[in-house]
Amino acid sequence: MSNRDDTVVGAVLADQAGTLNIEQGYPDDATGLVSTWTAIATVAVVASTPTPFSQALVAPKWRLRYVNGASAQGTFRVDAKTTAAGDS
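Residues numbered from 1 in each chain as written. Predicted model: local features only at pLDDT ≥ 70, side-chain atom pairs only at ≥ 80, totals over all residues. Heavy atoms only, no water.

*Asks:* Now, about the sheet that holds strand S6 (residues 76-83): what can you tell me, with residues and values included?
*Replies:* Strand order in the open sheet formed by 3 strands is S4-S1-S6, with antiparallel pairing between adjacent strands. Strands at the two margins of the open sheet, each flanked by one partner only, are strand S4 (51-56) and S6. The sheet shows a mean angle of 15° between the axes of neighbouring strands, taken without regard to direction. Strand direction decides the pairing type here: strand S1 (residues 7-14) and S6, joined by 8 bridges, are antiparallel. Residue pairing for S6: Ala 11 is matched across the bridge by Asp 79. (Pairing = 2+ DSSP bridges. Helix = DSSP H or I, 4+ residues; strand = E, 2+ residues; numbered from the N terminus. Axes fitted to C-alpha atoms, helices over the stretch in contact; angles between N-to-C directions.)

Have a look at this one:
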């Protein structure tokens, strides 16, 4: 996703434990694509527990990457938005 603000906020809910990785990167001048993503935060997600997150961003592109635990997900939801610092 493109970043016009400086913080990503949201929440994740999964019926199995896992890890949410918040990553950012800089697009290649020629292609406009990010070839190297850098993890800037990880959030441990407890099964069936809504888990909020908030992370400052520096790079113009960001993404969320979820890594499942040992069991397959039956229910998964993530909501996120960017915002200026101090906004909600």
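*Asks:* Could you give an account of the sheet that holds strand S5 (residues 61-68), naming the residues involved and the relevant values?
*Replies:* Reading across the sheet, the 3 strands line up as S3-S2-S5 and stay open at both edges, with antiparallel pairing between neighbours. Strands at the two margins of the open sheet, each flanked by one partner only, are strand S3 (38-45) and S5. Along the sheet, successive strands turn relative to each other by an average axial angle of 20°, direction set aside.

*Asks:* Go over the pairing of S1, please, and point to the residues and values.
*Replies:* A regular strand places its side chains on the two faces of the sheet in alternate fashion. The pairing of S1 with S4 spans 6 bridges and is antiparallel. Across the sheet, residue Val 9 finds its bridge partner in S4, namely Ser 54.

*Asks:* Could you give me a rundown of the environment of Ala 59, with the residues and numbers involved?
*Replies:* Mapped onto the fold, Ala 59 is located in the loop between S4 and S5. Sequence separation between Ala 59 and Gly 69 is 10 residues; the distance between their C-alpha atoms is 28 Å.

*Asks:* Outline the pattern of salt bridges, listing residues and values.
*Replies:* Summed over all chains, the structure comprises 3 salt bridges. A salt bridge links Arg 65 to Glu 23; the nearest nitrogen and oxygen atoms lie 2.8 Å apart. Of this pair, Arg 65 sits in strand S5 while Glu 23 sits in strand S2 (residues 18-25), placing them 42 residues apart in sequence. Look at the salt bridges and you will find they share partners, linking Glu 23, Arg 63 and Arg 65 into a network. (Salt bridge = Lys/Arg side-chain N within 4 Å of Asp/Glu carboxyl O.)

*Asks:* For the packing of aromatic side chains, give the residues involved together with the corresponding values.
*Replies:* Counted according to the given criterion, the structure contains 1 aromatic pair. Summarising the aromatic geometry, the rings of Tyr 66 and Phe 76 are spaced 4.8 Å apart at their centres and angled 55° between planes, so their arrangement reads as tilted. Taken together, the residues Tyr 66 in strand S5 and Phe 76 in strand S6 connect sequence positions 10 residues apart. Using a relative accessible area of 39% as the deciding quantity, one classes Phe 76 as partly exposed. (Phe/Tyr/Trp six-rings, centres within 6.5 Å; stacked < 30°, edge-to-face > 60°. Buried < 20%, exposed > 50% of the residue type's maximum accessible area, 1.4 Å probe, protein only.)

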